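# A structural walkthrough
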Amino acid sequence: MHTTKERIEALKKSRNAVILAHYYVPDEVQELADYVGDSFYLAKVAQQTQADSIVFCGVHFMGESAKILNPEKRVFLPDPSADCPMAHMAAEEQIGKLRAECGDLAVVCYINSTARLKSLSDVCVTSSNAVKIVKSLPQKNILFIPDQNLGSFVAAAAPEKTFYYSGGYCPVHAFLLADDVAREKRAHASALVLTHPECTREVRALSDYVGSTAGIISYAEKSDAEEFIVCTEPGVLYELKKRCPKKKFYPVSIVCGDMKKITPERVAETLEKECGEVFLDGSLARKAYAPLARMLELG
Ligand code: 13P
Ligand code: SF4
């Protein structure tokens, strides 16, 4: 009788597959993955892999992006129902209307978005490259979709641009309250606050560092501080504790239920039955490729 881990190892070899996982999936899935990282890192790995198949342990837009970047490879999602609600939070009509009304406009699309929204955009970004990419664009006007919180974080760093928003938000990060962070700060006076830019302006204002999941992990690793209040999905604690076993981390508890749908058993089943494959309409995939490729080039 083989363990789930042994089954996955054997199937991975026979399928010439690679397993990618985001920092928010359960610890036991991160443990069995070949590559674990933030959205930008995983997009780069997906683009460069020599494997025939990619099993993407994350939410739907992640598998979709991997397929867009790699149309000739097979991409599988262990649970295709794991979806990011924010990925849908922009209206196509607003994009068309602003393009018609506003000259000198760039539509900047967070990678947490549907293929359809990407296909209507000029460039994609992730939380680790959004400031750099937006500042490098020649356009003065920016329509930032779908995340208004990441958008306002970028806007603060790019005051030379005029920003428009679609009003989307991550229900996990946007409902993390400044009061909860303030309470943790009172309980752990010497702890630094590390925050994801999907959090609100009020929470970001209480923070010592704001950045992507990979940015948060690397900041904690390099810092001389010994205690940290972590304002993002608590899945990052697995890597934080691995890299900094002596430091203390206090998550302000918020869980992404969709990311937690991924289990080792589902990964094994996906490899065994080749189920949960991502298929995309060819012309949509080609249109969505350009903004993603531009992100990889500029990021
Ligand atoms: P990053 O890992 O790129 O910071 O993204 C966070 C996130 O919300 C992914 O869904
Ligand atoms: Fe989407 Fe938020 Fe979950 Fe990330 S944490 S997948 S942005 S709902």
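For the structure given in this document, a descriptive report is provided here. (Residues numbered from 1 in each chain as written. Chains lettered and ligands numbered in written order. Predicted model: local features only at pLDDT ≥ 70, side-chain atom pairs only at ≥ 80, totals over all residues. Heavy atoms only, no water.)

## Some details on the overall build of the protein
A tally of regular secondary structure across the protein gives 15 helices and 12 strands. Projected onto its principal axes, the C-alpha coordinates of the protein cover approximately 60 × 55 × 25 Å. For the protein, buried positions account for 56% of its 299 residues. Summed over its atoms, the accessible surface of the protein is roughly 12,800 Å², and 52% of this surface lies on carbon and sulfur atoms. (Helix = DSSP H or I, 4+ residues; strand = E, 2+ residues; numbered from the N terminus. Buried < 20%, exposed > 50% of the residue type's maximum accessible area, 1.4 Å probe, protein only. Areas by Shrake-Rupley, 256 points an atom, 1.4 Å probe, with all protein chains shown as cover.)

## Thoughts on the site of ligand 1
Looking at ligand 1, there are 13 residues lining it, with H22, S39, S127, H196 and T213 nearest. Protein coverage of the free-state accessible area of ligand 1, which is 300 Å², stands at 96%. Grouping the amino acids of the shell around ligand 1 by side-chain chemistry returns 4 nonpolar, 7 polar and 2 charged. (Near = heavy atom within 4 Å. Nonpolar A, V, L, I, M, F, W, Y, C, P; charged D, E, K, R; others polar.)

## Thoughts on the nonpolar core
In this structure, I19, C57, V108, F144, C231, V267 and M295 are the most contacted members of the largest nonpolar core, which totals 102 residues. Looking at which element gives the most residues to this core, the answer is strand β5 (residues 105-110), with 6 residues. Setting aside residues no more than four positions away along its own chain, V108 makes contact with V123, V125, V134, L137, I142, L143, F144 and I145. (Core = buried A, V, L, I, M, F, W, Y, C linked by side-chain atoms within 4.5 Å. Contact = heavy atoms within 4.5 Å.)

## Notes on the pattern of salt bridges
Summed over the entire model, instances satisfying the criterion amount to 19 salt bridges. When the shortest N-O distance is used, the salt bridge between E272 and R7 registers 3.2 Å. Of the two residues, E272 is situated in helix α14 (residues 264-273) and R7 in helix α1 (residues 4-15); the sequence distance between them amounts to 265 residues. Given a relative accessible area of 38%, E272 falls into the partly exposed group. Among the ionic pairs, E92 bridges to R116, the shortest N-O distance being 3.0 Å. Of the two residues, E92 is situated in helix α5 (residues 92-101) and R116 in helix α6 (residues 115-119); the sequence distance between them amounts to 24 residues. One connected set of salt bridges, linked through shared partners, spans R15, R74, E274 and E277. (Salt bridge = Lys/Arg side-chain N within 4 Å of Asp/Glu carboxyl O.)

## Topic: the site of ligand 2
Around ligand 2, the neighbouring residues are Y24, V59, C84, P85, M86, N112, C170, H173, E198, C256 and M259. Taken together, the residues that form the shell around ligand 2 break down as 8 nonpolar, 2 polar and 1 charged.

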